[in-house]
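Single-letter residue listing:
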Amino acid sequence: MQTSERKGRLALVMPRLSRYGGAESFAWRLGEALARRGHAVDFICARCEAEPPEGVTPVVVGRFGGLRVIKILWFALMAERARRTGGYDLVFGMGKTVNQDILRIGGGPISMFWKLSRRAWPAGFPRWFKMARRRLAPANWAIHLLDTVRLRRTPRIVAVSHLVRDWTVAAHPHLDPSAIDVIYNRPDLSRFSPVDEAGRQTLRAAAGIGPDQVVIGTAATNFALKGVRSLLMALARLPENHVLHVAGGRKPGKYLRLARELGVEDRVRFLGRVDDMASFYRCIDVFVLATFYDACSNAVLEALACGCRSVSSALNGSACFLPDRWVFPDPADVPELAAILLRVSGEDRPAPFVWPQDVPCGLDPYVEMIEQTLSR
């Protein structure tokens, strides 16, 4: 990493200062890295839910109002006031804020999310009702407005994947894709690593996995968005020894009822929160992400790093790291999903994933970008 002689007064802006959640964890670690390099770092947030890193000062603007739309607009206004009065040399934005020098887009524009994710709900009334609720929600229109404003005002934009960059440009055609930096999230590849076959079998036995079972695993907080319905329907097309384990999420009752209707209830486990995801990946035979919208799933790469076959829909930013034969275009195409799961489950286990050297990732490119901007 290049170094900068100039030490700046910096602000990071995000609604929550927390270590829980992917974006929140990134923001916490970025603040820590910048403070360690001697910069004065303020963290402008609505809530401070964790001890800040040493050298990082929370600037808590609070929350106001019972409605989500009011909370969103309040934070945008109060963060802007803190920015104006803070005397900062550089502001790094990670939330729905109006002005910043550098903006990190961790998800994508809400208009593209609406367009692509609608198919996660069954056609007919369920889909119509979901889309109507989205379009009638004032909070969503506030987010859409802030998306438009911040993308026109921010001098430098960073996307967490090439797919997020492309979605952003599709929704905001005035943007030049070549002017948007792409820096990927990088999972902890030292934590996620394979075990030998004896260790793997020990883990499988402890998890109650039979010796002849082929375990398909997925990780989902939002069951609908991550294609769990499609996976259950695909499971019904697979041989009896194929089972599905779902890590994460809450209230799986609707999906258990669907599994019962499909005759696969005894082949499905909803595990809830899984604290040891490395062991989860090491136990299973195929990890699948049948997502309808995912900026850049860490889980796909974590599973690969643990020596697990890993397949994904093309609507996931980290799918670009997979072989083409492990990527399927449409998570709603159940026959194709079943076919790829059956085929991949018979392949050899892959070599551990190694991050490509020519793909920017992690914290260092952000620190370098911030320090280069300061030095101009």
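Before reading on, note that the structure itself is shown above.
> What is the right way to look at the sheet that holds strand β13 (residues 286-289) in this model?
The strands making up a sheet are joined through hydrogen bonds of the backbone, oriented either antiparallel or parallel. Spatial strand order, β12-β11-β10-β13-β14-β15: six strands in an open sheet with parallel pairing. Each having just a single partner strand, β12 (268-272) and β15 (327-328) make up the two edges of the open sheet. Helix α12 (residues 334-345) contacts β10 (214-219), β11 (242-247), β13, β14 (309-313) and β15 of the sheet and is inclined by roughly 155 degrees relative to β13.

> Would you mind showing me how to read the nonpolar core here?
Most often, soluble globular proteins have nonpolar side chains that are buried together. Leu30, Phe92, Tyr281, Phe287, Leu337 and Leu341 are the most contacted members of the largest nonpolar core, which totals 108 residues. For this core, the element with the highest residue contribution is helix α1 (residues 22-36), accounting for seven residues. Judged by nonpolar contacts, the second largest core, of 11 residues, contains Ala11, Ile44, Ala46 and Val91.

> Before we go on, may I ask you to explain the environment of Val246 in this structure?
You can see Val246 is positioned in strand β11. A residue is classified by how much of its surface remains accessible, and Val246, at 0% relative accessible area, is buried. A C-alpha to C-alpha distance of 14 Å links Val246 and Ile209, two positions 37 residues apart in sequence. Here Val246 is in contact with Thr218, Phe223, Arg269, Phe270, Leu271 and Gly272, once residues within four sequence places are set aside.

> Honestly, the pattern of salt bridges in this entry has me stumped. Any pointers?
Should their charged atoms come close, side chains of opposite charge can pair. One pass over the full model with this rule turns up 22 salt bridges. Residue Glu24 is joined to Arg16 by a salt bridge in which the shortest nitrogen-to-oxygen separation is 3.2 Å. Residues Glu24 and Arg16 agree in their burial class; the two are buried. Taking the shortest distance from any N to any O, the salt bridge between Glu80 and Arg84 comes out at 3.0 Å. Pair noted here: Glu80 and Arg84 are both in helix α2 (residues 68-85), with a separation of four residues, about one helical turn. A relative accessible area of 64% means that Arg84 is categorised as exposed. Residues participating in the shared-partner salt-bridge network are Arg16, Glu24, Arg47 and Glu49.

> In this structure, what is going on with the layout of surface pockets? I would like to understand it.
One way to see where empty space is left: roll a probe the size of a water molecule over the atoms. What the second largest pocket holds in volume is close to 350 Å³. Along the walls of the second largest pocket sit 15 residues, with Trp121, Pro122, Pro126, Lys254 and Tyr255 positioned nearest its centre. Every element with two or more residues in the lining of the second largest pocket is listed here: α4 (125-136) and α9 (253-262). For the lining of the second largest pocket, a count of residues per class yields nine nonpolar, no polar and six charged.

> Sorry if this is basic, but what is going on with the sheet that holds strand β1 (residues 9-13) here?
Read from one edge of the open sheet, seven strands run β5-β3-β1-β6-β7-β8-β9, paired in parallel fashion. Edge positions in the sheet fall to β5 (56-60) and β9 (180-182), since each of these pairs with one other strand and no more. Strand-to-strand twist across the sheet, computed as the mean angle between neighbouring axes with direction ignored, equals 25 degrees. Inspection of the sheet shows strand β7 (residues 102-105) paired to strand β8 (residues 156-159) by four bridges, in the parallel sense. Note on β8: the bridge partner recorded for Ile102 is Arg156.

Basis of the calculations
Just so you know, the residues in each chain are numbered from 1, in the order the chain's sequence is written. Where local features are concerned, this predicted model is filtered to residues with pLDDT of at least 70; where side-chain atom pairs are given and counted, the filter is 80 or more; whole-chain, interface and lining totals use all residues. Processing note: side-chain calculations cover all non-hydrogen atoms of the structure and skip hydrogens and water entirely. By the convention used here, strands pair only if DSSP detects at least 2 bridges between them. Only DSSP runs of H or I reaching four residues or more are called helices, and only runs of E reaching two or more are called strands; each is numbered from the N terminus. In this description, contact between two residues means that some pair of their heavy atoms is separated by no more than 4.5 Å. Orientation is described by lines fitted to C-alpha atoms, with helices fitted over the stretch in contact, and by angles between N-to-C directions that extend from 0 to 180 degrees. We call a set of buried Ala, Val, Leu, Ile, Met, Phe, Trp, Tyr and Cys residues a nonpolar core when their side-chain atoms join them within 4.5 Å. Buried residues are those whose accessible area, probed at 1.4 Å on protein chains only, stays under 20% of the maximum for their type, while exposed residues exceed 50% and partly exposed ones sit between those limits. Salt bridges are counted wherever a side-chain nitrogen of Lys or Arg sits within 4 Å of a carboxyl oxygen of Asp or Glu. Here the term cavity refers to a set of points on a 1 Å grid, laid over the protein atoms alone, in which a 1.4 Å probe fits but cannot get out; the term pocket refers to an open set having protein on both sides within 12 Å along at least five of seven lines, with lining residues being those that place an atom within 4 Å of a point. Grid points are joined across faces, edges and corners, and a volume is the space filled by probe spheres set on the points. Side-chain classes are defined by residue name, with Ala, Val, Leu, Ile, Met, Phe, Trp, Tyr, Cys and Pro counting as nonpolar, Asp, Glu, Lys and Arg as charged, and the others, Gly among them, as polar.

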